[in-house]
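What follows is each chain in one-letter form.
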Amino acid sequence: MEQVIGGGDNSRPPSCTEKVAFSIFRYFPYGGLQLDMMRMAREFTARGIQVDIYCMGYDAPEIPDGVIFKVLKTSGLSNHRKARNFEKQLAEALKDEDYLAHIAFNRLVPADWYFAADMPFVESVKRSFWEKLMPRYRTFAAMEKELFEPGNTTKIFCITPAQEQMFRRLYGTPAERIYQLPPGINESFKNALELRKKRGDLRRELGIKDDEILLVQVSSAFRTKGVDRSIAAVASLPEDIRKKTRLMIVGRGKSAPYAKFAARCGIGGQVIFTGGRNDVPELIAASDLMIHPARNEATGTVLLESLACGTPVLCSANCGFSPFIRDAGSLVLPRLFRQKILNRTLMVALSTPDKLADLQIEAENYGRSGDFYRRAKCAVDLITQKAL
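Residues numbered from 1 in each chain as written. Predicted model: local features only at pLDDT ≥ 70, side-chain atom pairs only at ≥ 80, totals over all residues. Heavy atoms only, no water.

## Topic: the overall build of the chain
Turning to step 1, where the next piece is worked out: Broken down by element type, the chain carries 14 helices and 16 strands.
Turning to step 2, where the next piece is worked out: A globule of 388 residues ought to have a C-alpha radius of gyration of about 21 Å, and the chain, at 22 Å, matches this closely.
Turning to step 3, where the next piece is worked out: Principal-axis analysis of the C-alpha atoms places the extent of the chain at approximately 65 × 50 × 35 Å.
Turning to step 4, where the next piece is worked out: Of all 388 residues assigned to the chain, the portion counted as buried reaches 54%.
Turning to step 5, where the next piece is worked out: Look at the contacts in the chain between residues 6 or more apart in sequence, and 67% of them connect residues 24 or more apart.
Turning to step 6, where the next piece is worked out: Of the accessible surface of the chain, which amounts to about 17800 Å², a share of 50% is contributed by carbon and sulfur atoms.
Turning to step 7, where the next piece is worked out: When the 56 positive and 45 negative side-chain charges of the chain are each reduced to one mean point, those points stand 7 Å apart. (Helix = DSSP H or I, 4+ residues; strand = E, 2+ residues; numbered from the N terminus. Rg over C-alpha atoms; globule rule 2.2 N^0.38 Å. Buried < 20%, exposed > 50% of the residue type's maximum accessible area, 1.4 Å probe, protein only. Contact = heavy atoms within 4.5 Å. Areas by Shrake-Rupley, 256 points an atom, 1.4 Å probe, with all protein chains shown as cover. Lys, Arg positive; Asp, Glu negative; His and termini not counted. Charge placed at Lys NZ, Arg CZ, Asp CG, Glu CD.)

Given below as structure tokens:
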């Protein structure tokens, strides 16, 4: 059963002469993958191409003109069973439509293109022998293998060279099926450096005193992105620095366990959970340092967004965009994560005279010169060229 939302019915808007299909398990407005998807959708609609988004569920306060959500009601007692059933329903729905291309944003076949926002599922986190025998792991591992194995024809968008290397090593994916995309962040950040002129006002709105240090972390997957690591690092600071440091967590993750952890660490009153926000550039610009000690991060678009705001970054080395962070003069942890090293790196950054100011100057300089906005355009160029 299919529910159509946005566009009123199945007819394409008069301005659209062609259409493409997107597929994603669930859409919500603040996830990095979802933001990439909608930037690509807007690039298509700007060219007069309608976008039909097939999903199992969605949370879209505003649906852009030319975009239609098609919700497939999928049954299943578990997420992996729902994923397989969604894949089957999607294949049936696509048979009756005439699309220029089908672009999958989760590991789904058949697809003309797959946008690889993550590292390979089978190597994303360490799993025990017994976990690998469970139906969930076997299902998602099989879906990934079907997508990347040499016999498939789906073309792959990768966003870091490390992804391509891993996929080719694991599955033997032919190089001619893989296309590297440049970085891509929302164009709302193009003038983000101007927000730094308003930092005083922004910080007062947040209740941050002039002598306080504001750290920011933007994430909707709190464990994967290391929110617990950030809290532990703040708690480890020397008392004189810790008392004037605030940590702001922006994103719609499950905050209750982390709020309890912060309380146990003695900094419950210094950690702010904002939930999902539409003013992320303003929040980043008001901050002194972005912290992002992720366990798994294929790219880290939010890190580039921070640089675009002139806010320096402290991140883990497994973030795909960590080379950009090094180039910007910001801080990247060693590949093998150690909490003590994060604690010390943060302490040095916050306690060394002029260190934070120097990092901010380098981030601002990089933010002025960085080219962060071409990913959606390059992807749509490739899709339309190959479809013709």
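## Side note on the state of the cysteines
Turning to step 1, where the next piece is worked out: Evaluated as defined, the whole model comprises 0 disulfides.
Turning to step 2, where the next piece is worked out: Counting only cysteine sulfurs, Cys-315 is the nearest neighbor of Cys-319, a cysteine outside any disulfide, at a range of 4.5 Å. (Disulfide = S-S within 2.5 Å.)

## Overview of the layout of surface pockets
Turning to step 1, where the next piece is worked out: In this structure, the second largest pocket occupies an estimated 760 Å³ of space.
Turning to step 2, where the next piece is worked out: Of all elements in the fold, only α4 (161-171) and α11 (322-327) reach the threshold of two or more residues within the lining of the second largest pocket.
Turning to step 3, where the next piece is worked out: Here the residues of the lining of the second largest pocket sort into 18 nonpolar, 8 polar and 9 charged. (1 Å grid on protein atoms, 1.4 Å probe; cavity = no way out; pocket = protein on both sides within 12 Å on 5 of 7 lines; lining within 4 Å. Points joined across faces, edges and corners; volume = space filled by probe spheres on them. Nonpolar A, V, L, I, M, F, W, Y, C, P; charged D, E, K, R; others polar.)

## Here's the deal with the environment of Ile-68
Turning to step 1, where the next piece is worked out: Residue position: Ile-68 is located in strand β6 (residues 67-72).
Turning to step 2, where the next piece is worked out: For Ile-68, a relative accessible area of 2% translates into the label buried.
Turning to step 3, where the next piece is worked out: Remark: the alpha-carbon pair of Ile-68 and Val-51, spanning 17 residues in sequence, is separated by 6.3 Å.

## Some words on the sheet that holds strand β16 (residues 331-332)
Turning to step 1, where the next piece is worked out: Reading across from one edge, β13-β12-β11-β14-β15-β16 is the order of the 6 strands in this open sheet, with parallel pairing throughout. The outermost strands of the open sheet, each flanked by one partner alone, are β13 (271-275) and β16. (Pairing = 2+ DSSP bridges.)

## As for the side chain of Thr-311
Turning to step 1, where the next piece is worked out: Mapping Thr-311 onto the fold places it in the loop between α10 (301-308) and β15 (313-315).
Turning to step 2, where the next piece is worked out: A polar side-chain atom of Thr-311 sits 2.9 Å from the main-chain carbonyl oxygen of Ile-284.
Turning to step 3, where the next piece is worked out: In this structure Thr-311 touches Arg-196, Ile-284, Ala-285, Ser-287, Asp-288, Leu-289, Met-290, Ser-306 and Ala-363, once residues within four positions along its chain are discounted. (Polar contact = N/O pair within 3.5 Å; in protein donor to acceptor, adjacent residues only side chain to side chain.)

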